[in-house]
Amino acid sequence: MSPARRAGARERARTGPSAWLAAPALAFFAVFALIPLVGVVVLSFMSWDGLGTPAWIGPDNWGRILTDPTTQRAFGLTLVLTAASWLVQFPVSLLLGVFMAGQQRYRAVLSVLYFLPLLFSAAAIGIAYKALLDPNFGLGRAFGADWLNQDWLGNPSLAMPTLLFVVSWSFIPFHSLLYQGAVRQIPVQMYEAARIDGAGRVASFLHITLPQVRNTIITSSTLMIVGSLTYFDLIFVMTGGGPGDATRILPLDMYLRGFRSYDMGGASVVGVLLVVVGLTVSLALNRLGGGANAASRLEGA
């Protein structure tokens, strides 16, 4: 190979594949994401009932929605659900992922059981839990457990914690799978060296496992938090936003405004708010994780 061709090969290896390889994906993203998003932004400045001709009203929609007590409450509930969901899912997913990364056969059997919720759709899970938690015909009646005979979804003080439990049960297996794969990529020699130095399981977890799965923690947390901003189907099936507005989070508020109140302009405002909050959280977590060009710590992967 001539020196010029070798230099060209080294340059290609250094700069990576051509940017043109991303063109089909970018075109797909533009058609199915960017263009509809621009349409929603434009619609947020209009008054439209979904049938007639949209009328431009400027920023009036934004002022009306941002000062609406229902939307303000929905925004607060969304923040509470997002924070609580992360606080529950993150530690449980991490510990389950570390546990399932072991090579023992019984752990593989338990892993299959843990992953079962991933096989069911959100609508099926919502219908099943709605039946199981029914105070008249649910688990409480079946097993004679009086403490289960509560109106879990009809009591405003119990509805949101119940939804948090069901949401966590549904999504923890996915994040556990992420952590399982990350832990299995950690070189075994690191744990062997730690044992030689006298480190126990807790010390190895804190000083080896956690630093090595740092990037996975950032990725998983991003998916958890941004995903919490899009919960709709499960909550819609189980409570429909009730009782009252006790579980009416922003995605549900957007749906109810658009398809129940025929206020497409107001629903578009809520949709834009969700996009802005999601992008802000994603960029903040990306910055926290060291950016997209963060080097992998997994030298042995």
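Look a little higher up for the structure.
Reading the values: rules and limits
- Residues numbered from 1 in each chain as written.
- Predicted model: local features only at pLDDT ≥ 70, side-chain atom pairs only at ≥ 80, totals over all residues.
- Heavy atoms only, no water.
- Patch = residues over 30% accessible without salt bridge, like charges linked within 9 Å, V, L, I, M, F, W, Y side chains within 5 Å.
- Areas by Shrake-Rupley, 256 points an atom, 1.4 Å probe, with all protein chains shown as cover.
- Salt bridge = Lys/Arg side-chain N within 4 Å of Asp/Glu carboxyl O.
- Helix = DSSP H or I, 4+ residues; strand = E, 2+ residues; numbered from the N terminus.
- Core = buried A, V, L, I, M, F, W, Y, C linked by side-chain atoms within 4.5 Å.
- Buried < 20%, exposed > 50% of the residue type's maximum accessible area, 1.4 Å probe, protein only.
- Contact = heavy atoms within 4.5 Å.
- Polar contact = N/O pair within 3.5 Å; in protein donor to acceptor, adjacent residues only side chain to side chain.
- Axes fitted to C-alpha atoms, helices over the stretch in contact; angles between N-to-C directions.
- Parallel < 35°, antiparallel > 145°, perpendicular 65-115°, else oblique.
- Left-handed = near helix turned anticlockwise from the far one by under 90°.
- Nonpolar A, V, L, I, M, F, W, Y, C, P; charged D, E, K, R; others polar.

Asks: Explain a nonpolar patch on the surface here, please?
Replies: Nonpolar side chains collect at one region of the surface, where Leu113, Tyr114, Leu116, Leu119, Phe120, Phe165 and Trp169 lie side by side and expose about 710 Å² of accessible area between them. Counting residues per element, the ones that place at least two in the nonpolar patch are α5 (105-114) and α8 (156-184). Relative to the elements of secondary structure, tryptophan 169 occurs in helix α8.

Asks: What is the right way to look at the nonpolar core in this model?
Replies: Soluble globular proteins tend to pack their nonpolar side chains together in the buried interior. Grouped together as the largest cluster of nonpolar side chains are 22 residues, with contacts concentrated most on Leu81, Ile235, Met238 and Ile249. Listed by contribution, the elements that provide at least two residues to this core are α4 (69-100), α6 (122-132), α8, α12 (233-238) and α13 (250-259). Here this core takes 6 residues from α8, the largest share from any one element. The next biggest cluster of nonpolar side chains, apart from the first, holds 14 residues, and it includes Ile186, Ile208, Val213 and Ile217.

Asks: Explain the environment of leucine 118 to me, please; I cannot follow it from the model alone.
Replies: You can see leucine 118 is positioned in the loop between α5 and α6. According to the relative accessible area criterion, leucine 118 is partly exposed, its value standing at 38%. It is 6.9 Å that separates the C-alpha atoms of leucine 118 and phenylalanine 174, two residues lying 56 residues apart in sequence. Filtering out sequence-adjacent residues up to four positions away, leucine 118 remains in contact with Ser170, Pro173 and Phe174.

Asks: Explain the environment of tryptophan 48 here, please?
Replies: Tracing the backbone shows tryptophan 48 in the loop between β1 (46-47) and β2 (55-56). Ignoring anything within four residues of it in the chain, the contact list for tryptophan 48 reads Leu43, Thr53, Pro54, Tyr262, Asp263, Met264 and Gly265. Among the polar contacts listed, one links the side chain of tryptophan 48 to the backbone oxygen of glycine 52, at a separation of 2.6 Å.

Asks: Which parts of the structure should I look at to understand the packing of α13 against helix α14 (residues 264-288)?
Replies: Each packed pair of helices is defined by two parameters, the angle between the axes and the distance between the axes. The contact between α13 and α14 brings their axes to 7 Å, and the two run at 160°. Our classification of the angle between α13 and α14 gives roughly antiparallel. Of the two possible hands of crossing, α13 and α14 adopt the one that is left-handed. Mapping the contact onto sequence places Leu250, Pro251, Asp253, Met254, Arg257, Gly258 and Phe259 in α13 and Met264, Gly266, Ala267, Val270, Gly271 and Leu274 in α14. Residues of the contact of α13 with α14, tallied by class, amount to 8 nonpolar, 3 polar and 2 charged.

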